[in-house]
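Close look at the chain arrangement
Given next are the chains, with one letter for each unit.
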Amino acid sequence: MRLIRRNWLGGTTGWLWLVIVLIPLYWIVVSSFKDQAGFFTQNPFALPADPTIENYRLVIESDFPRYFLNSVIVTAGTILPAVAIAFMAAYAIVRGAGGRFLAGVNGLFLMGLAIPLQATIIPVYLLIIRMQLYDSLLAIILPSIAFSIPLSVLVLTNFIRDVPKELFESMRVDGATEWGMLRKLALPLTRPALVTVSIYNGLGVWNGFLLPLILTQSPEKRTLPLALWTFQGQYSVNVPAVLASVVLTTLPIVVLYALGRRQLLSGLTAGFSR
Amino acid sequence: MALPALAIFVVFGVVPLVGVLLLSFTQWDGLGAINAAGLSNWRTVLSDPGLPHSLFVTFEIMILSWAVQTPISLLLGVFLAGRQRYRAVLAVLYFVPLLLSSAAIAITYKALLDPNFGLGAGLHLDFLAQDWLGRDHLALGVVIFVVSWQFIPFHSLIYQGGVRQIPTTLYEAASIDGAGRIRQFFSITVPQLKYTIITSSTLMVVGSLTFFDLIFVLTAGGPGDATRVLALDMYKRGFQANLMGPASVIAVLLVLIGLALALLLRRLGGSTTASQQEGA
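Here the structure is a predicted model, which means the values were calculated and not measured.

What counts as what
- Residues numbered from 1 in each chain as written.
- Chains lettered and ligands numbered in written order.
- Predicted model: local features only at pLDDT ≥ 70, side-chain atom pairs only at ≥ 80, totals over all residues.
- Heavy atoms only, no water.
- Helix = DSSP H or I, 4+ residues; strand = E, 2+ residues; numbered from the N terminus.
- Expected span 1.5 Å × (residues − 1).
- Contact = heavy atoms within 4.5 Å.
- Buried area = accessible area lost by both parts, 1.4 Å probe.
- Salt bridge = Lys/Arg side-chain N within 4 Å of Asp/Glu carboxyl O.
- Polar contact = N/O pair within 3.5 Å; in protein donor to acceptor, adjacent residues only side chain to side chain.
- Core = buried A, V, L, I, M, F, W, Y, C linked by side-chain atoms within 4.5 Å.
- Buried < 20%, exposed > 50% of the residue type's maximum accessible area, 1.4 Å probe, protein only.
- pLDDT = per-residue confidence, 0-100.
- Axes fitted to C-alpha atoms, helices over the stretch in contact; angles between N-to-C directions.
- Parallel < 35°, antiparallel > 145°, perpendicular 65-115°, else oblique.
- Nonpolar A, V, L, I, M, F, W, Y, C, P; charged D, E, K, R; others polar.

1. Structural notes on helix α9 (residues 178-189) of chain A
- The end-to-end C-alpha distance of α9 of chain A is 15 Å, a good match for the 16 Å that 12 residues give at a rise of 1.5 Å each.
- Among the structural elements, α4 (64-95) and α8 (165-173) of chain A are those in contact with the buried residues of α9 of chain A.

2. Some thoughts on the interface of chain B and chain A
- The partner chain A presents 94 residues to the 90 residues of chain B that form the contact.
- Overall, the association of chain B and chain A removes approximately 8,200 Å² of surface from exposure, summing both partners, and the carbon and sulfur fraction of that is 80%.
- Contact with chain A buries area across many residues of chain B, yet M1, F9 and F12 of chain B alone supply 11% of it, more than any other trio.
- Applying the counting rule to chain B against chain A returns zero salt bridges.
- Summed over the shared surface of chain B and chain A, the result is eight residue pairs in polar contact (both at pLDDT 80 or more).
- The greatest single-element share of the side of chain B that touches chain A, amounting to 16 residues, is contributed by helix α1 (residues 3-23) of chain B.

3. Thoughts on the nonpolar core
- The biggest cluster of nonpolar side chains holds 162 residues, and the ones touching the most others in it are F109, I122 and I214 of chain A together with F212 of chain B.
- Ranked by size, the runner-up nonpolar core spans 12 residues in total, among them V78, Y171, A174 and L193 of chain B.

4. Topic: the confidence of the model for chain B
All names here are of chain B.
- For chain B, the average pLDDT comes to 88, and 96% of its residues sit at 70 or higher.
- Across residues 271-280 the pLDDT falls below 50, and counting only partners more than four positions away or on other chains, this stretch makes 24 contacts in the model.
- Interface confidence for the predicted complex, expressed as ipTM, amounts to 0.87; the pTM equals 0.88.

5. Notes on the packing of helix α3 (residues 50-80) of chain B against helix α12 (residues 230-240) of chain B
Residue and element names in this part refer to chain B.
- Taken N-terminus to C-terminus, the directions of α3 and α12 make an angle of 140°; their axes are 8 Å apart at the nearest point. Taken together, the axis directions place α3 and α12 in an arrangement best described as oblique. Contacts between α3 and α12 involve L51, S54, L55 and T58 from the first element and L230, D233 and R237 from the second.
- For the contact of α3 with α12, the class distribution of residues is three nonpolar, two polar and two charged.

6. Observations concerning unusual backbone geometry
- Going from G222 of chain B to P223 of chain B, the amide bond is cis rather than trans, its omega being 0°.
- Mapped onto the elements, P223 of chain B comes out in the loop between α11 (213-218) and α12.
- Unlike most non-glycine residues, D135 of chain A shows phi in positive territory, near 65°.
- By the secondary structure assignment, D135 of chain A is in the loop between α6 (121-130) and α7 (137-161).
- Phi at N242 of chain B is positive, roughly 60°, even though this residue is not glycine.
- The topology assignment puts N242 of chain B in the loop between α12 and α13 (244-269).

Below, the structure written as structure tokens:
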């Protein structure tokens with residue numbers, strides 16, 4: 001039986017929301033190509049009368065590349081180890097199901113989902129000072145790894161549970177070790193989930209503000225969101241340049257999203273709304 | 001194999017959680033020695049008239065942003081669950097605000113809403129050219145709007161996933177019985193999405209306790225202390241006034257409120273089947 005399902009309310013909301021989402025995004029991009037005179041005198045939504053890449057040049061010739069590199073180091077330095085150890089933990093939790101220790105570990109990670117990062121920042125600051133890591137990129141990386149683990153383990157255990165038990169058993173019969181099964185069976189079958197958690201955590205770390213704000217101090221250790229914030233003070237009169245820096249900090253993550261979108265969305269659905 | 005993850009999570013997650021409670025009973029300026037202070041921080045903070053205000057603002061933003069985000073996300077989720085190609089394209093575009101950092105979003109809206117150089121002035125629209133971030137209630141409204149702009153896309157995707165799992169036979173049966181679209185929405189869609197609603201609400205409500213960067217960059221808690229939420233209160237006491245003890249008290253309150261809300265929402269769910277996901 002075919003249902004005629006018209007949803008005027010949802011449709012109207014849907015298109016209206018699209019406009020609300022796109023207006024600021026369009027405005028950021030268009031304004032970033034305007035010179036200051038054009039920005040202040042032209043209609044805000046008009047295409048630049050005299051498009052210029054001067055703002056981008058200004059941003060790129062500042063210390064921006066260094067901040068960019070810092071963000072890349074912090075993000076890569078967080079997700080690679082975080083996903084690797086979360087994957088191992090998730091594998092152990094699923095394969096060792098029934099063990100009280102592992103059940104406890106899993107419970108601890110699930111509880112971790114409810115711990116707000118802000119609430120622990122003061123002791124983390126103390127810890128980082130005592131470890132003599134204050135004002136280093138590692139100071140951002142270590143807590144970021146820790147706070148990536150709960151959600152990663154949740155999503156990865158959900159995926160590994162879906163691997164049929166028979167596959168593990170037949171590999172075991174063939175003499176495979178746990179490590180072998182982890183690498184040759186679980187790893188390839190869990191790839192979409194690994195991509196999901198990598199992008200999700202990467203996004204959080206790339207956009208992270210609090211940890212860099214509190215755990216670093218010197219300008220050469222700044223990551224992009226913090227740099228944006230200081231840029232804003234520095235170039236407060238040059239709004240187009242600030243907007244160009246917003247575009248430049250967002251561009252890499254948009255590209256990454258375009259590449260991993262399918263996995264990200266399917267993984268999030270699996271993680272949250274089953 | 002679970003040990004490396006456990007170790008780093010304990011060091012930077014569990015130990016600080018216990019540590020913050022201990023620090024709330026000490027005096028520390030962030031640099032020098034840490035001295036025991038008994039209950040003095042708790043007395044200071046609990047008798048500070050600023051605290052009820054921060055609590056009020058925190059809950060105000062939490063409840064209002066929940067009330068704005070939930071119906072819109074639900075409608076959008078139902079809408080997006082349709083399988084037409086253009087809806088898939090919409091879902092892609094919806095996701096973009098989630099890719100921007102809170103700092104970038106705050107900076108953008110600050111520029112957009114500038115009374116002299118922003119959208120209102122540029123379009124010669126007087127109602128848009130107000131001092132949005134300079135008046136108490138307007139600033140609070142802006143915070144709620146910007147938060148919704150940032151997170152409705154995420155929640156609409158959660159709802160989209162939830163809607164797709166509702167068996168279509170339910171709708172077929174309902175339309176045979178003559179139920180209209182609106183009736184179906186309230187009698188099938190909403191009840192079937194119960195756990196999705198709870199998951200999404202938990203994430204919204206507990207997540208709203210952690211709005212820091214957005215508000216910090218957008219209003220810095222102002223004007224005055226109109227948008228000074230608990231997380232900001234903690235930062236200002238701890239890292240600007242160098243009073244780590246009182247700041248730790250606020251942090252402990254944040255944890256307690258977060259846990260209480262998560263448990264309350266889980267109880268509302270009234271079931272154990274989805275408990276694993278509700279942990280989020």
